[in-house]
Amino acid sequence: MSSEIEKAYEYCRSVTKTHAKSFYFAAKFLPKHKRLPIYALYALCRHVDDEVDESGVENEREAAAAVENWRAKLDEIYFNAKTPKKNYELRITNDKRQTTKDKRQNLVLTAWRDLLKIYRIPRDLPLELMKGVLMDTHIKRYASFEELYVYCYRVASTVGLMSSEIFGYADEKTLEYAEALGIAMQLTNILRDVGEDAARNRIYLPAEDLRKFGVSEKQIFDNLPDENFINLMKFQIRRARGLYKKSENGIPLLEKDTRFAVLLALRFYAKILDEIERQNYDVFKRRAHTSFTQKIFSLPRIWRESREPAAN
C-alpha cells in the first residue's frame, strides 16, 4: 500500500470516528482488509451529505451541482478501476492549487479507487445514495410509508448493499436482508430526530400515519408528545423492530469474519428504540442514544449470538 493510499484510508477512518461513533465502534471488529474500505464507504456518504447541507437544502441548484461534482469524479474512478492509469492517483492528490475541500474529496476518491480493485460495488448504488441525499432539498413531507421507503432505501439501504460487497456473502438473499436493515436504521434515525427535523420544517413521519393516530403537524412543530403522538411512535417502533428482526436473518449468511461487527451495528442502532421508550417517547427534549458503557456490557452476549449457525 502506497503512502498516498494509506493517507487516504487514514483520513476516511478519522471521518468515521468523528461522525459515526457507533458505526466506528462496530467496524473496529472487522479484519483490517475489510475495515479500511468500510471507512472509505462511510466517508463518501458523509461528504456528499455534508456538501448538500453546506449548500443549503433550500438551494437546490447549488446542492445538485455539488452532488454532480461527486458523481462525475466517481464515474472517473469507476472508469479507471477498469482501465488503470499509472499517474491517476498522483493527479487527483498532488495538485497544489486544490482547496481543502478538493483535497479531502480526493483522499476519499483515492481510497475508493483502491477498494474497487478488490470489491465489486455496483456503480448504481452510490449514485442512488446521491439521489437520496438530494431529496432533502425539495421534499419535506412524505404522504405514505411507501414514499418514505424510497428515501430510506436511497440514503441507507444502499449503504448496506455496498457494505455487503465488502463483508462477503454466498447467498443473494443476503441483499434482501441488507436492504431491510438499512430501512430499519433510517427509520430509527427519523424517530430519534423528530424534534430536530421539525426545527428545520421537516416531517419524515408519513402523513397517512399522522392522520391515523390523530397527530397534527402543528403538534409536532410545537413539540407536544401527547397520548396520540406516543401511540404513533409505538407504531413506528414496532415497524422498525420488525425490519430489524427480518434483517437478522442475513447475519449468518455473511462471511464469518464480519458477522460480529454487523450484528453489533444492528444491536446498537436497535437499542436507540429502547432509549426512546425509556424517555417516554419524548424525542423533543433530548436525543436518544446508547452510551459507551451500554456498548461494552453488550459485547459478550452479541458475540455469542454472532456465532450461532444459520437457521434451517
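Criteria and thresholds
Residues numbered from 1 in each chain as written. Predicted model: local features only at pLDDT ≥ 70, side-chain atom pairs only at ≥ 80, totals over all residues. Heavy atoms only, no water. Helix = DSSP H or I, 4+ residues; strand = E, 2+ residues; numbered from the N terminus. Rg over C-alpha atoms; globule rule 2.2 N^0.38 Å. Buried < 20%, exposed > 50% of the residue type's maximum accessible area, 1.4 Å probe, protein only. Areas by Shrake-Rupley, 256 points an atom, 1.4 Å probe, with all protein chains shown as cover. Lys, Arg positive; Asp, Glu negative; His and termini not counted. Charge placed at Lys NZ, Arg CZ, Asp CG, Glu CD. Expected span 1.5 Å × (residues − 1). pLDDT = per-residue confidence, 0-100. Contact = heavy atoms within 4.5 Å.

1. Description of the overall build of the chain
Okay, step 1: Each helix and strand counted, the chain has 15 helices and zero strands in total.
Okay, step 2: Relative to the 2.2 N^0.38 estimate, which gives 20 Å for 312 residues, the radius of gyration of the chain is 20 Å and therefore close to what a compact globule would have.
Okay, step 3: Seen along its three principal axes, the alpha-carbon backbone of the chain occupies a region of about 65 × 50 × 35 Å.
Okay, step 4: Across the 312 residues that make up the chain, the buried fraction comes to 53%.
Okay, step 5: For the chain, the accessible area works out to roughly 15,500 Å², and carbon and sulfur atoms hold 52% of it.
Okay, step 6: Measuring between centres, the 54 positive side-chain charges of the chain sit 5 Å from its 46 negative side-chain charges.

2. Describing helix α7 (residues 124-135)
Okay, step 1: The first and last C-alpha atoms of α7 sit 17 Å apart over twelve residues, in line with the 16 Å expected at 1.5 Å per residue.
Okay, step 2: Of all the twelve residues making up α7, ten are buried; the element is thus mostly covered by neighbouring parts of the structure.
Okay, step 3: Along α7, the positions that sit buried rather than exposed are L125, P126, L127, E128, L129, M130, G132, V133, L134 and M135.

3. Concerning the confidence of the model for the chain
A low pLDDT score tells you not to read the predicted coordinates there in detail.
Okay, step 1: Chain-level pLDDT for the chain is 89 on average; 91% of the residues reach the 70-or-more range.
Okay, step 2: In this model residues 86-90 is a low-confidence stretch, pLDDT under 50, and it forms ten contacts with partners more than four residues away in sequence or in other chains.

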